[in-house]
Amino acid sequence: MTQRDYIPELSEVRMVRRAPERPFPFADEDRAYVSGRLRDVETAFGFTAFPGLAFEQIPARALISHFIEWWRTLEPRTPAQVEAHAQLPAAIRLLDTVSTWMEEQAQRRPPGAR
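Reference entry: report on the structure contained in this document. The structure displayed is predicted, hence computed values, not measured ones.

**Focus: the overall build of the protein**
So, point 1. A count of helices and strands for the protein gives five helices and zero strands.
So, point 2. For the protein, the sequential pattern of α-helices and β-strands runs α-α-α-α-α.
So, point 3. In the protein, which comprises 114 residues, the share counted as buried stands at 37%.
So, point 4. Of the contacts made within the protein by residues no fewer than 6 positions apart, 75% connect residues no fewer than 24 positions apart.

Here is the structure:
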């Protein structure tokens, strides 16, 4: 697996910071999509990103951080790697959308409510 160095952009740093430290509360369809993209990258590039953790246990911040890092640093060489890598931006946008939605929901709650 080949990786290049990179300096995160401010927007990427903000996406990671916006994501919660706990797992995302995905709808079934979104969970299937994002977990599929994770498995595609793991299979194509030959590694396990979160050993010992079920997808539902992966902290959101770590998940989006990995996806961004892979998008910016992995250098695809095979058709399977090119395909898995090409799917990362859509997954990143979905993760950031969920983070933004969670942030908005938290701001709408009355003080003291969980």
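**Some remarks on the packing of helix α3 (residues 60–73) against helix α5 (residues 88–108)**
So, point 1. Close contact between α3 and α5 brings their axes to 10 Å; oriented N to C, the two are set at 150°. Between α3 and α5, the crossing angle belongs to the class labelled roughly antiparallel. Relative to α5, α3 is oriented so that their crossing is left-handed. Judged by residue contacts, Leu-63, Ile-64, Phe-67, Ile-68, Trp-70 and Trp-71 of α3 engage Leu-88, Pro-89, Ala-91, Ile-92, Leu-95 and Asp-96 from α5.
So, point 2. Along the lines of polarity and charge, the residues of the contact of α3 with α5 split into eleven nonpolar, no polar and one charged.

**So, α3**
So, point 1. Its 14 residues place the ends of α3 20 Å apart at the C-alpha level, agreeing with the 20 Å of an ideal helix rising 1.5 Å per residue.
So, point 2. Turning to α3, its buried residues number three or more, namely Ala-60, Leu-63, Ile-64, Phe-67, Ile-68, Trp-70 and Thr-73.

**Topic: the packing of aromatic side chains**
So, point 1. For the coordinates displayed, the defined rule picks out four aromatic pairs.
So, point 2. Between Phe-26 and Phe-55, the aromatic rings sit 5.9 Å apart at their centres with planes inclined by 20°, giving stacked as the arrangement. Placement of Phe-26 in the loop between α1 (10–18) and α2 (28–45) and of Phe-55 in the loop between α2 and α3 is noted, with a sequence separation of 29 residues between them. For the residue pair Phe-26 and Phe-55, the accessibility class agrees, reading buried in each case.
So, point 3. Three or more aromatic residues joined by ring pairs form one cluster here, namely Phe-24, Phe-26 and Phe-55.

**Structural notes on the layout of surface pockets**
So, point 1. In this structure, the largest pocket encloses a volume near 160 Å³.
So, point 2. For the largest pocket, the full set of lining residues is Arg-18, Pro-20, Arg-22, Pro-25, Ser-99, Trp-101, Met-102, Glu-103, Gln-105, Ala-106 and Arg-109.
So, point 3. For the lining of the largest pocket, the element with the most residues is α5, which contributes six residues.
So, point 4. Tallied by class, residues from the lining of the largest pocket come to five nonpolar, two polar and four charged.

The rules we used
- Residues numbered from 1 in each chain as written.
- Predicted model: local features only at pLDDT ≥ 70, side-chain atom pairs only at ≥ 80, totals over all residues.
- Heavy atoms only, no water.
- Helix = DSSP H or I, 4+ residues; strand = E, 2+ residues; numbered from the N terminus.
- Buried < 20%, exposed > 50% of the residue type's maximum accessible area, 1.4 Å probe, protein only.
- Contact = heavy atoms within 4.5 Å.
- Axes fitted to C-alpha atoms, helices over the stretch in contact; angles between N-to-C directions.
- Parallel < 35°, antiparallel > 145°, perpendicular 65-115°, else oblique.
- Left-handed = near helix turned anticlockwise from the far one by under 90°.
- Nonpolar A, V, L, I, M, F, W, Y, C, P; charged D, E, K, R; others polar.
- Expected span 1.5 Å × (residues − 1).
- Phe/Tyr/Trp six-rings, centres within 6.5 Å; stacked < 30°, edge-to-face > 60°.
- 1 Å grid on protein atoms, 1.4 Å probe; cavity = no way out; pocket = protein on both sides within 12 Å on 5 of 7 lines; lining within 4 Å.
- Points joined across faces, edges and corners; volume = space filled by probe spheres on them.

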